[in-house]
Amino acid sequence: MSDKKITTDSGIEIKETYTSKDDSIKEQSLAGEFPFTRGVQTSMYRGKLWTMRQYAGFSTAEESNKRYHYLLNQGVSGLSVAFDLPTQIGYDSNHPLADGEVGKVGVAIDSLEDMEKLFEGIKLEDVSTSMTINATGFILLAFYVALAKKQGADLNKISGTIQNDILKEYAARGTYIYPPKPSMRIITDIFEWCSQSLPKWNTISISGYHIREAGSTAVQEIAFTLSNGKAYVKAALEKGLDINVFGKRLSFFFNAHNNLFEEVAKFRAARRMWSTIMKDLGTTDEKAMMLRFHTQTGGSTLTAQQPMNNISRVTIQTLAAVLGGTQSLHTNGYDEALSLPTEEAAKIALRTQQIVAYESGAADTVDPLAGSYFVESLTNEVESKAWEIIDQIDALGGSVAAIESGFIQDEIANSAYAYQQNIENNSKIIVGVNKFITNDNEKIPGFKIDDSIQKMQCDKLTTLKSKRDNEKVKNILSELNTVALSKENIMPVVIEAVENYCTLGEIADVLRSVFGEHK
């Protein structure tokens, strides 16, 4: 018997052999039954495969639109939009702070006109669209709704998700605008408006992905994410919303890393935990207790060294997400440690999902790893350690207080530091980085965004402002100011503003003047 101590990436010790004695919770429930450990649908992928998304968006709306048509022709079943940094933090492309960033890490969307170009030739009733947007999520949702109305779509049939998760921005990612309290007000306004006007829309994607990318462990990822989820639910309850209604439109967004069994255990534990949290908060409808989630393979696990190895990493991560019961999946391109994904890399990433779906057998039965002594034991351990962290956060007064005190940020930073130390002292092997190193410099063609994009966007803004009704714009922005100062729901006036071609930056600036900026 070996005496070498082996642990998961969360520090859970792995024994040499597991037996029936190691599974302390005898999980007898089936998929589709509380506490949903085994999945949220009774037949899982036998009934319907997960939604295959490819996260895409770069340069102008016109260029991104071409990529969307290409991906739809290749077999994606849902679109996923990446926005550039100015769009994410509420600046139009002609703002001085947007200089050098327009169209770089995503598509530049300044107005409804850009949204029209982004989805040209795509019927919004026919696709499910996920938008990775937080601080300005309400404005992008308004653009999307205004476009759907222009297309004559039935808003009852429009489906998709806005990320809309501001707490993880304060904790891990940084694209916030307003302080926590007004930000939470905007989010609950979206919950309320969508429950009445956009019933199939997922109003939030509570995100562990970026917490993990910032350096957390798998256990911290679900603990911090579920704790944030709890804070959103409590804020909605304080607003008087019905947990059995808005609870069904909450979704989650998790990361998938390389430690296959820990990742599967993490997804199973998260479902079980969330159903308990929702029940404790007063949910009586089982559908509102279900944790539905999108997964993205781990961007931070991809290496610039020997980038073709990333195809194997993404395959393991895809399997982890599928074996863990994801509802939707994006797979990263092998070249993303170097640049935005090329068309070829995006196609291989999508083909990875399709091969797992149609060739691996992983989708043929529900929760295929259930009953494994190792996986059941690991699910229990991940859950137990995650509850310990949630108890600590609750003792601090919940997620908002834990973020304001720096507790969550410090925990993530400490984990990131420990992980990097393990790579540097070779106790954690990364193939091609600290072991099996070669001197071959593989020449991977990068995907570069031309700086002329910024001028094009600025010219479009000048033209837009010269042809719209500027008197009406002024009046609507004044009305937005009044509504923001009141307790009225902000969404109707924001939709009216975008329909009259107010820009993203103009709307965000009105709210900056009312709410201030988070420093």
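Our subject is the structure that appears above.
The end-to-end C-alpha separation of helix α4 (residues 137-150) is 20 Å, in line with the 20 Å expected for 14 residues at 1.5 Å each. Among the 14 residues in α4, 12 count as buried, and that is most of the element. Residues of α4 that are buried: G137, F138, I139, L140, L141, A142, F143, Y144, V145, A146, L147 and A148. At the C-terminal side of α4, G152 shows a positive phi close to 75°.

Now for the layout of surface pockets. Considering only enclosed or pocket space, the largest pocket measures out at about 1100 Å³ in volume. What lines the largest pocket is a set of 39 residues, and nearest its centre among them are D9, Y419, I423, K428 and I430. Secondary structure elements with two or more residues in the lining of the largest pocket: β1 (6-7), α7 (209-213), α11 (309-323) and α15 (407-424). No other element matches α15, which puts 7 residues into the lining of the largest pocket. Taken as a whole, the second largest pocket holds about 890 Å³ of empty space.

The geometry of an aromatic ring pair comes down to the distance between the two centres and the angle between the two planes. All chains considered together, the criterion is met by 16 aromatic pairs. Measuring from ring centre to ring centre gives 5.0 Å for Y45 and W50, while their planes differ by 75°; the resulting arrangement is edge-to-face. Judged on exposure class, the residue Y45 and its partner W50 are both buried. Consider the rings of F267 and F293, whose centres lie 5.0 Å apart with planes at 20°: the pair is stacked. With F267 in helix α10 (residues 260-280) and F293 in strand β10 (residues 293-297), this pair connects stretches of sequence that are 26 residues apart. Three or more aromatic residues joined by ring pairs make a cluster, and in this case those are F252, F254, F267, W274 and F293. If you follow K15 out to its NZ or CZ, it ends over the ring of Y18, 5.5 Å from the centre. Taking NZ or CZ as reference, K279 lies 4.2 Å from the ring centre of F34, over its face.

With that settled, the discussion passes to empty space enclosed by the protein. All chains considered together, the criterion is met by 5 cavities of 30 Å³ or more. The computed volume of the largest cavity comes to approximately 80 Å³. Taken together, N134, A135, G137, F138, N164, I166, I177, Y178, S183, I186, I187 and I190 make up the lining of the largest cavity. Of all elements in the fold, only α4 and α6 (180-197) reach the threshold of two or more residues within the lining of the largest cavity. In terms of residue count, the dominant contributor to the lining of the largest cavity is α6 (4 residues). Looking at the lining of the largest cavity residue by residue, the classes come out as 8 nonpolar, 4 polar and no charged. One number sums up the size of the second largest cavity: a volume of about 60 Å³. Classifying every residue of the lining of the second largest cavity by side-chain character gives 7 nonpolar, 3 polar and 3 charged.

Let's shift gears to the pairing of strand β4 (residues 78-82). With 5 of its 5 residues buried, β4 lies for the most part within the structure. Alternating positions in β4 separate into two faces, G78, S80 and A82 on one and L79 and V81 on the other, with burial throughout. Pairing of strand β3 (residues 51-56) with β4 involves 4 bridges; the strand directions are parallel. Within β4, the residue paired with R53 across the bridge is G78. Once the chain exits β3 it traverses helix α1 (residues 61-74) before rejoining the sheet at β4, and the crossover so formed is right-handed. Relative to strand β5 (residues 128-132), β4 is paired through 5 bridges, and the arrangement is parallel. Note on β5: the bridge partner recorded for V81 is M131.

Ranked by size, the top nonpolar core spans 140 residues in total, and within it M115, F119, M131, F138 and L511 carry the most contacts. Top contributing element to this core by residue count: α4, with 11 residues.

Here we take up the pattern of salt bridges. A complete count under the given rule lists 27 salt bridges for this structure. For K428, the salt bridge goes to D9, with nearest N and O atoms at 3.1 Å. Note that K428 is positioned in the loop between α15 and α16 (452-467) and D9 in the loop between β1 and β2 (13-14), a separation of 419 residues in sequence. Counted as one network, the salt bridges with shared partners bring together R38, R268, D367 and E376.

What follows covers the environment of A231. Assignment of secondary structure puts A231 in helix α8 (residues 218-238). A C-alpha to C-alpha distance of 9.0 Å links A231 and L167, two positions 64 residues apart in sequence. Those residues in contact with A231, other than ones at most four positions away along the chain, are L167, M184 and S399.

It is worth spelling out a positive patch on the surface at this point. A cluster of basic side chains, namely K48, K123, K157 and K200, defines a positive patch on the protein surface. Residue position: K123 is located in the loop between α3 (112-118) and β5. Judged by relative accessible area, which is 52%, K123 ranks as exposed.

What follows deals with the sheet that holds strand β8 (residues 204-207). If you trace the 9 strands from one edge of the open sheet to the other, you get β7-β6-β5-β4-β3-β11-β10-β9-β8, paired in parallel fashion. Bordering the open sheet on either side are β7 (201-202) and β8, each of which pairs with just one other strand. Sheet topology places β5 next to strand β6 (residues 159-162); 4 bridges connect them, and they run parallel. Residue pairing in the sheet places M131 in a bridge with I162 of β6. Running at roughly 150° to β5, α4 makes contact with β5, β6 and β7 of the sheet.

As a further point, take the side chain of T161. With respect to the helices and strands, the residue T161 is situated in strand β6. Take T161: its relative accessible area is 9%, and that puts it in the buried class. Apart from residues no more than four positions distant in its own chain, T161 is found in contact with T129, S130, M131, W201, N202, I204, S205 and S251.

Before going further, it helps to spend a moment on a nonpolar patch on the surface. A cluster of nonpolar side chains, namely I429, V431 and F436, defines an oily patch on the protein surface of about 270 Å² accessible area. Relative to the helices and strands, I429 is located in the loop between α15 and α16.

What counts and what doesn't
Residues numbered from 1 in each chain as written. Predicted model: local features only at pLDDT ≥ 70, side-chain atom pairs only at ≥ 80, totals over all residues. Heavy atoms only, no water. Helix = DSSP H or I, 4+ residues; strand = E, 2+ residues; numbered from the N terminus. Expected span 1.5 Å × (residues − 1). Buried < 20%, exposed > 50% of the residue type's maximum accessible area, 1.4 Å probe, protein only. 1 Å grid on protein atoms, 1.4 Å probe; cavity = no way out; pocket = protein on both sides within 12 Å on 5 of 7 lines; lining within 4 Å. Points joined across faces, edges and corners; volume = space filled by probe spheres on them. Phe/Tyr/Trp six-rings, centres within 6.5 Å; stacked < 30°, edge-to-face > 60°. Lys NZ or Arg CZ within 6 Å of the ring centre and 35° of its normal. Nonpolar A, V, L, I, M, F, W, Y, C, P; charged D, E, K, R; others polar. Pairing = 2+ DSSP bridges. Right-handed = clockwise from strand over helix to strand, strands pointing away. Core = buried A, V, L, I, M, F, W, Y, C linked by side-chain atoms within 4.5 Å. Salt bridge = Lys/Arg side-chain N within 4 Å of Asp/Glu carboxyl O. Contact = heavy atoms within 4.5 Å. Patch = residues over 30% accessible without salt bridge, like charges linked within 9 Å, V, L, I, M, F, W, Y side chains within 5 Å. Areas by Shrake-Rupley, 256 points an atom, 1.4 Å probe, with all protein chains shown as cover. Lys, Arg positive; Asp, Glu negative; His and termini not counted. Charge placed at Lys NZ, Arg CZ, Asp CG, Glu CD. Axes fitted to C-alpha atoms, helices over the stretch in contact; angles between N-to-C directions.

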